[in-house]
Each structure stands twice: as C-alpha cells, then as structure tokens.
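Listed below, chain by chain, are the residues.
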Amino acid sequence: MFARSALRWRRPPALTLALALLVLAASAVEAQFGALPPDRSSLLDDGALHVVICGSGAPLPSAERAEACTAVIAGGRMFLVDVGNGSLENVRLWGLPIDRLAGVLLTHFHSDHIADLGETFFASWVSGRAEPLDVYGPAGVDRVVAGFRMVYELDVSYRIAHHGEEILPPAGAGAVARTIDLTDDAPTSAFYDRDDLRISAFLVDHEPVAPAVGYRFDFGGRSVVISGDTVRSANLEQASQGVDVLVHEVLSEAVMGMAAQALSAGGAERLGKLVADTLDYHIYPRDLHALAAEAGVGLLVLSHLAPPLPAAQANAVFLRGRAEDAPNDALVAVDGMHIALPVGSDDRTVGNFGEHQP
Ligand SMILES: [Zn+2]
Ligand SMILES: [Zn+2]
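Below is a short write-up of the structure. What you see is a predicted model; the values in this text were computed from it and never measured.

1. Side note on the nonpolar core
- Residues Ala 71, Val 72, Val 213, Val 224, Val 245, Leu 246 and Leu 302 are the most contacted members of the largest nonpolar core, which totals 93 residues.
- Apart from the residues within four sequence positions on either side, Leu 302 is in contact with His 248, Val 250, Leu 288, Phe 318, Ala 330, Val 332 and Ala 333.

2. Notes on the sheet that holds strand S2 (residues 69–74)
- With mixed pairing, 8 strands are arranged side by side in an open sheet as S6-S5-S4-S3-S2-S1-S14-S15. The sheet terminates laterally at strand S6 (175–179) and strand S15 (349–352), the two strands that pair on one side only. Strand-to-strand twist across the sheet, computed as the mean angle between neighbouring axes with direction ignored, equals 20 degrees.
- Bridge count between strand S4 (residues 101–105) and strand S5 (residues 133–137): 2 bridges; the pairing is parallel. Looking at the pairing, Val 104 lines up with Val 135 of S5.
- Here helix H5 (residues 117–127) sits on the sheet and contacts strand S3 (77–81), S4, S5 and S6; the angle it forms with S4, its principal contact strand, is near 175 degrees.
- Running at roughly 165 degrees to S6, helix H6 (residues 141–163) makes contact with S5 and S6 of the sheet.

3. Things to note about the sheet that holds strand S10 (residues 222–226)
- Here 7 strands make up an open sheet; going across it, the order is S7-S8-S9-S10-S11-S12-S13 and the pairing mixed. At either end of the open sheet lies a strand with only one pairing partner, and these are strand S7 (188–194) and strand S13 (329–332). Across the sheet, the axes of successive neighbouring strands diverge by a mean angle of 25 degrees, strand direction being ignored.
- The strands that helix H10 (residues 285–295) touches are strand S11 (245–251), strand S12 (299–306) and S13; relative to S11, the one it contacts most, it runs at about 165 degrees.

4. Describing the packing of H5 against H6
- Two elements in contact, H5 and H6, have axes whose closest approach is 9 Å; the angle formed by their N-to-C orientations is 65 degrees. Two packed elements cross with a definite hand, and for H5 against H6 that hand is right-handed. Residues Leu 117, Gly 118, Phe 121 and Phe 122 of H5 lie in contact with H6, whose contacting residues are Val 144, Phe 148, Val 151 and Tyr 152.
- Looking at the contact of H5 with H6 residue by residue, the classes come out as 7 nonpolar, 1 polar and no charged.

5. Digging into unusual backbone geometry
- The amide bond that connects Glu 207 to the next residue, Pro 208, takes the cis arrangement and shows omega of 10 degrees.
- Omega for the peptide link from Ala 210 to Pro 211 comes to -5 degrees, which places this bond in the cis form.
- Following the sequence through the fold, Pro 211 ends up in strand S9 (residues 209–219).
- Although it is not a glycine, Asp 195 adopts a positive phi angle of roughly 50 degrees.
- Tracing the chain through its elements places Asp 195 in the loop between S7 and strand S8 (197–206).

6. Structural notes on the environment of Val 176
- Among the secondary structure elements, Val 176 is positioned in strand S6.
- Considered as a pair, Val 176 and Ala 146 are 30 residues apart in the sequence and their alpha carbons are 8.8 Å apart.
- Sequence-distant contacts of Val 176, that is, excluding residues within four places in its chain, are made with Pro 132, Asp 134 and Val 135.

7. Side note on H10
- Residues of H10 that are buried include every one of Pro 285, Leu 288, His 289, Leu 291 and Ala 292, and no others. Buried residues along H10 cover an arc of 160 degrees about the axis, so they all sit on one side.
- Of the surrounding secondary structure, the elements contacted by the buried residues of H10 are helix H7 (234–239), S11, S12, helix H11 (311–318) and S13.
- Immediately beyond the C-terminal end of H10, within one or two residues, lies Gly 296, with a positive phi of roughly 70 degrees.

8. Notes on the packing of helix H8 (residues 253–265) against helix H9 (residues 269–277)
- With their axes 7 Å apart at the nearest point, H8 and H9 run at an angle of 165 degrees to one another. The orientation of H8 with respect to H9, classified from their angle, is roughly antiparallel. For the pair H8 and H9, the crossing hand works out as left-handed. On the side of H8, the interface is formed by Met 256, Ala 259, Ala 260, Leu 263 and Ser 264, while H9 contributes Glu 269, Leu 271, Gly 272, Val 275 and Ala 276.
- Class assignment of the residues belonging to the contact of H8 with H9 gives a composition of 7 nonpolar, 2 polar and 1 charged.

Thresholds, definitions, all that
Residues numbered from 1 in each chain as written. Chains lettered and ligands numbered in written order. Predicted model: local features only at pLDDT ≥ 70, side-chain atom pairs only at ≥ 80, totals over all residues. Core = buried A, V, L, I, M, F, W, Y, C linked by C-beta atoms within 7 Å. Buried ≥ 20, exposed ≤ 12 C-beta atoms within 10 Å, placed from the backbone. Contact = placed C-beta atoms within 7 Å. Pairing = 2+ DSSP bridges. Helix = DSSP H or I, 4+ residues; strand = E, 2+ residues; numbered from the N terminus. Axes fitted to C-alpha atoms, helices over the stretch in contact; angles between N-to-C directions. Left-handed = near helix turned anticlockwise from the far one by under 90°. Nonpolar A, V, L, I, M, F, W, Y, C, P; charged D, E, K, R; others polar. Arc of directions from axis to C-beta. Parallel < 35°, antiparallel > 145°, perpendicular 65-115°, else oblique.

That's the geometry; what it means functionally is another story.
Next comes the structure, spelled out in structure tokens:
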C-alpha cells in the first residue's frame with residue numbers, strides 16, 4: 001500500500017501543465033487521425049536537387065500507384081510536373097513543402113496528368129501560398145487552368161468568407177496560365193531561370209496529343225529530365241545527354257498486348273480496342289533502355305507504368321530488355337521514391353518517403 005504522502009497531488013508549474021496538455025492533445029490527434037505529416041521543408045535549401053515520385057501509375061486503377069506526378073525541389077522552390085489523380089494526397093501525406101510551390105508544369109492534358117490540379121490550387125493556398133500559382137504548359141494550358149479555377153470558384157468564396165482574408169489571402173487562390181510556345185522549328189525553350197535554377201521544355205511525340213512536352217531542370221550542375229508521355233523522341237534524347245536522372249514513361253507492349261487480346265477474345269471488344277490503342281503512343285521497355293544507354297544518363301527511373309503493376313512484378317516486366325552491360329543505372333519507380341543530387345558532387349542517394357505510411 002502506498003503512503004498517503006506519495007499519493008498527494010501537487011499542483012504542477014504552469015509550463016509543465018501546458019506541455020502536458022500539448023502532449024495529450026498531440027497524442028489524441030495521433031490516436032484519432034494517425035501521425036501528422038513529417039516536416040520536409042529542409043529539402044528546399046539543403047544544397048541539393050531533389051526528385052520525388054509522387055505518382056508512378058497510369059490511367060488503369062492501382063492501390064499503390066497514384067497517376068503521373070514528379071516533384072522537383074531545389075533552390076527554395078518546389079515544382080510539380082503533372083498532377084494526376086491521387087498525387088496530391090501523396091504530396092500532403094509525405095509533408096512536401098507545398099506552401100513553397102513555385103509552379104505546376106503540365107506535359108499535356110490527358111486526365112491522368114491533370115486530374116488533381118484543383119486540389120493543387122487548394123492545398124498549396126491553404127498551406128500558405130499567398131500569390132497566384134503559375135501553371136506552365138503547352139498551348140491549351142489556359143483553357144485547362146480557366147476550367148479548374150471555375151470549378152473551384154464557389155469553394156474559394158466559402159473558405160474566404162469562413163476564415164477571413166488574413167488567413168486565406170484571395171490572391172493565393174488565383175492561378176496564372178503560362179503558355180510555352182514550341183514549334184517543330186524551335187522545339188526547345190529555356191523558359192525559367194531564377195537563382196541558379198533553370199527549366200527548359202521540349203516537344204515530345206504523343207500523337208494525336210499535340211503539343212506534348214517534357215521538361216529538364218538544371219541546378220548547380222545537377223540535372224533531371226522528365227519525359228511526359230511519348231514514344232522514343234529525338235528531342236528528348238538530345239535534352240537527356242549526360243543528365244543525372246531521366247524519369248521516363250513506359251508501357252509494356254507484352255502485357256498490354258496480351259490484355260487487349262484476352263479482352264477481345266472474351267467478348268469485350270470495345271475495351272480490347274481501347275487497350276490496344278494505347279500501344280502506339282508510349283515507349284516500350286527495350287527502346288527506353290536503349291535510349292538511356294545511348295544518351296549517357298546516370299540513372300533511368302521508369303515511371304508512368306502501363307500497366308501499373310505491383311513492385312515485384314513491375315521490376316520483372318519493365319527491366320526486361322535492359323542490356324547486362326548497360327552503362328547507366330535503372331530503377332522502376334514506386335510512389336515515394338526520393339532521389340537527392342547534392343550540388344558540387346557526383347553523389348546520389350535514393351530513399352522512399354512512402355515506406356512509413358500507415
Ligand atoms: Zn498521355
Ligand atoms: Zn499518361
């Protein structure tokens with residue numbers, strides 16, 4: 001039995017009480033909603049070019065792969081290249097610094113690349129972005145931006161009325177379409193150059209979707225190219241010469257071809273034709289591995305996987321056709337893959353932000 005004095009309750013100092021309440025509140029939140037997202041704002045200014053795969057899938061449904069999205073973080077800024085369905089949830093769960101989103105770069109306007117644009121406007125504004133968001137893209141980007149803005153107009157008015165303009169500055173709800181004009185005669189444009197961060201766009205071949213573009217980022221001597229959707233493209237090959245990382249889309253003609261045949265043979269001709277039609281405007285694994293080797297890239301990341309197979313099968317399917325003596329490294333993307341390229345070195349680290357998700 002305890003002595004009476006040991007049980008006597010003593011009033012704790014105010015600070016101790018406040019801390020105890022804070023801990024209790026935090027653990028109550030965690031118990032009810034899961035852990036709060038980590039703070040990854042240090043990625044902004046740690047002297048490296050960061051690449052994060054926030055969506056490695058393609059239009060077919062997948063429980064573990066969001067649709068097309070690649071985040072690039074460097075020099076105090078974050079950019080998102082494409083924002084397919086599910087990608088913004090990843091960005092927020094992993095605590096990427098969306099309040100410092102300096103722009104969205106759209107490669108083309110297929111739904112699996114633009115579906116989360118409205119959520120991108122909203123999440124970055126609520127996180128603290130106070131200026132209109134720049135949305136870059138080929139001709140047509142103004143229509144896409146105007147459409148998403150209109151869809152979110154009522155919600156924006158509710159939020160401002162509810163929380164006030166000081167908390168949610170109306171300017172931050174805005175977005176500005178920035179059209180990148182490219183032609184066959186001038187297929188490349190270096191359209192962004194601020195604080196040692198340069199971004200260029202180049203035409204790719206995703207016919208009948210035109211124009212469609214890819215992007216190259218350069219920061220302090222480190223570089224990454226993101227393909228968008230394309231068959232093997234000479235412009236992309238030129239832009240990828242000696243690049244540290246090439247994030248490229250890919251389609252398995254073997255698996256998708258079999259699926260199309262099986263659907264048609266089973267009486268689902270319409271679906272079979274839809275799947276078969278995808279075979280002519282994406283690159284196949286063998287051609288992509290050859291491109292990466294010839295362009296002298298450091299690391300090829302195969303993403304926008306069609307079909308979006310689970311990791312174990314995806315490695316077998318998409319690394320097929322890679323030469324045993326290939327000069328470059330190659331990885332099949334997973335959602336959460338994080339590649340850091342420190343400036344002033346040839347180092348590269350690869351991690352995964354998605355591993356600790358509940
Ligand atoms: Zn596409
Ligand atoms: Zn696509």
